[in-house]
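Examination of the molecular architecture
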Amino acid sequence: MLTRNLLKNPERIEYCREEDVVPALAKKLQIPALSEIIREFRENPVKEGITLHGARRTSAKLFMPNLYFGEEIEMGDSVWLYMGDLDPIYCIFVPWDKE
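Residues numbered from 1 in each chain as written. Predicted model: local features only at pLDDT ≥ 70, side-chain atom pairs only at ≥ 80, totals over all residues. Heavy atoms only, no water.

1. Observations regarding the overall build of the protein chain
Broken down by element type, the protein chain carries four helices and five strands. Taking 13 Å as the expected radius of gyration for a compact globule of 99 residues, we find that the protein chain reaches 13 Å, a close match to that expectation. Each principal axis of the C-alpha atoms in the protein chain carries an extent, and together these give about 35 × 35 × 25 Å. Burial statistics for the protein chain: of 99 residues in total, 39% are counted as buried. By sequence separation, contacts in the protein chain at least 24 residues apart represent 44% of the contacts at least 6 residues apart. Of the roughly 6600 Å² that the protein chain leaves accessible, carbon and sulfur atoms contribute 51%. (Helix = DSSP H or I, 4+ residues; strand = E, 2+ residues; numbered from the N terminus. Rg over C-alpha atoms; globule rule 2.2 N^0.38 Å. Buried < 20%, exposed > 50% of the residue type's maximum accessible area, 1.4 Å probe, protein only. Contact = heavy atoms within 4.5 Å. Areas by Shrake-Rupley, 256 points an atom, 1.4 Å probe, with all protein chains shown as cover.)

2. Here's the deal with the nonpolar core
Membership of the largest hydrophobic core comes to 19 residues, with the highest contact counts inside it found for L34, L81 and Y90. Elements with a minimum of two residues in this core: α2 (18-29), α3 (34-43), β3 (59-63), β4 (79-82) and β5 (89-93). The element best represented in this core is α2, accounting for five residues. Leave out the neighbours within four places in its chain, and L34 touches V22, L25, A26, L29, L52 and L81. Within the second largest apolar cluster, ten residues are counted, among which are L2, F63, I73 and C91. (Core = buried A, V, L, I, M, F, W, Y, C linked by side-chain atoms within 4.5 Å.)

Okay, here's the thing in structure tokens:
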């Protein structure tokens, strides 16, 4: 179950750039449009997050912790992906422009 305490455990969190992790997650979840879904959610987030359903009874929750929990956490304005208690929680961020 997704709780605020899970996000406090650094061993559970994977901070990664979108291009490094989303292709593998899309293949694992069998959601080919995962990258586009994440971009749309980043542009139009909802407080409750969204649940994605993949093949073979897989699912994932996209959320922004600052909205979802109603309080500020580190990197909480990025899109996060939660697939359950046995998988890491992915913080999917877009790096800052170097200019």
